[in-house]
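Listed below, chain by chain, are the residues.
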Amino acid sequence: LSKTAASIKAPSSFHIHHATNDDAIQEEFIETIQSSLQDSTFLSFALYGPSSSKKKKKNSNNSNIDFGTVKSVSGRLVELKSKQKQNQKQSKSRSNNTSPSSSKTVLHVNTKYFGATDIAKNWDYVDDLATVQKNLNELLLMPKDDMSAAVPLDDEDGSTASAASMTIQRGELCTTQGTYKLTLSPSSKRGGKLTFHKQQSASPQQQVISKAHDRAKNVPLDPSAKFLQLLGVSNKDGKPRPGMASKLRQCQRFCEIVGGLVEGNLIDDDEQQKQQTLTSVDMGCGRGYLTFSLHAHLHQRGFAVQSRGVEMRPKLVQEINDIARSLDYVESKNDGGSSEATCFQSLQFVEGTIESYMKCKNDYDAPAAPSSSSSSSS
């Protein structure tokens, strides 16, 4: 790998191995995971089985194969506190004895199945790297052609999985230096390939070891966003207010779906396309939860967006217009830690029906004049 990298000037990606035998590619992928664990460059790995649609189409004649098929396998480093340390917390607070604390870093692996319960296990890669290799071999190097082959993979509950249920089609290994991508072709003679994508930033990433199993979810909206607070969805800590947890989830999911559709229509993330005004109209917007959410999300993603909410109740229109005007500029922190301004000047709510809006669409779509208080349009 080092010789290959040296012969190429600052590559962004290159093939490490390409072979007609998937087993050779899989073995190299496993060795790469082991090496990254040993030299402390490991960040995470993921393996992916067949998609739901392909799985159902392929195995429509055998429902037993569908059940328990691996959907994905993910692994990351987690620091575990020993039970002895947890039991000593109370006694330590009552005495002056300071015995050294003990903790252990393990590879936390979560396996998700189609139609079955997920299984989470901790692999001891520090003292028992051979077991990590054995477990990865069982996941990747199981025969795929003979679906009747009973190659057991024993779980803690004594259950076993057939070779067919463990078919892995692709994988990914993230390291501090870059990302390795594994592509397999079990039903094709083309064979698989292992590709390395070099880290583009000037300084390599640092290895991350989670202190707990729970991780912060990657969601489109900041739960503590000011507009969510003013709408009564969440508080300043980002926690949903009583009875509003489902509404917060709805806003997040709505932005995830619609935002994905919008970005999916871009040509190679064209910034010029993003600057063309995108018009969004919410017919029967109610209190505007989804209208505010999508507007804020698209702005954060760099789009020039003009949003309109159409609602029949004049008092409600006045209330949410006042909220929008008070949010003309709100500073929110993005994932990188810097601040960016989110403009709500192009968000306006109007009084009317779907029929009246369509008749006077051009009047409604006129740019909203910024002001501290705005009365509803009719």
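These numbers were taken from a predicted model, which means no experiment stands behind them. (Residues numbered from 1 in each chain as written. Predicted model: local features only at pLDDT ≥ 70, side-chain atom pairs only at ≥ 80, totals over all residues. Heavy atoms only, no water.)

A. Region of the structure containing the environment of threonine 41. Looking at the secondary structure, you find threonine 41 in the loop between helix 2 (22-38) and strand 2 (42-48). When the C-alpha positions of threonine 41 and threonine 175 are compared, they lie 5.2 Å apart, and in sequence the two are 134 residues distant. Reaching out from threonine 41, the side chain makes a polar contact with the side chain of aspartate 39 at a distance of 2.7 Å. (Helix = DSSP H or I, 4+ residues; strand = E, 2+ residues; numbered from the N terminus. Polar contact = N/O pair within 3.5 Å; in protein donor to acceptor, adjacent residues only side chain to side chain.)

B. Looking closely at a nonpolar patch on the surface. A cluster of nonpolar side chains, Val281, Met283, Ile354 and Met358, forms an exposed patch at the surface whose accessible area comes to about 330 Å². Contributions of two or more residues to the nonpolar patch are made by strand 9 (278-283) and helix 12 (354-359). (Patch = residues over 30% accessible without salt bridge, like charges linked within 9 Å, V, L, I, M, F, W, Y side chains within 5 Å. Areas by Shrake-Rupley, 256 points an atom, 1.4 Å probe, with all protein chains shown as cover. Salt bridge = Lys/Arg side-chain N within 4 Å of Asp/Glu carboxyl O.)

C. Spotlight on helix 8 (residues 245-264). Its 20 residues place the ends of helix 8 28 Å apart at the C-alpha level, agreeing with the 28 Å of an ideal helix rising 1.5 Å per residue. By the burial criterion, the buried members of helix 8 are Leu248, Cys251, Gln252, Cys255, Gly259 and Val262. The buried residues of helix 8 occupy one face: seen down the axis, they fall within an arc of 105°. In helix 8, the exposed positions that point more than 90 degrees away from the buried face belong to Arg249, Leu261 and Gly264. Where the residues of helix 8 are buried, they touch helix 7 (226-230), strand 9 and helix 10 (289-300). (Expected span 1.5 Å × (residues − 1). Buried < 20%, exposed > 50% of the residue type's maximum accessible area, 1.4 Å probe, protein only. Arc of directions from axis to C-beta. Contact = heavy atoms within 4.5 Å.)

D. Seen up close, the pairing of strand 5 (residues 119-123). Where strand 4 (residues 103-113) lies against strand 5, five bridges are found, and the strand directions are antiparallel. Pairing of leucine 107 across the sheet is with tryptophan 123, part of strand 5. Taking the residues between adjacent antiparallel strands as the criterion, strand 4 and strand 5 are bridged by five residues, where glycine 115 takes a positive phi near 70°. (Pairing = 2+ DSSP bridges.)

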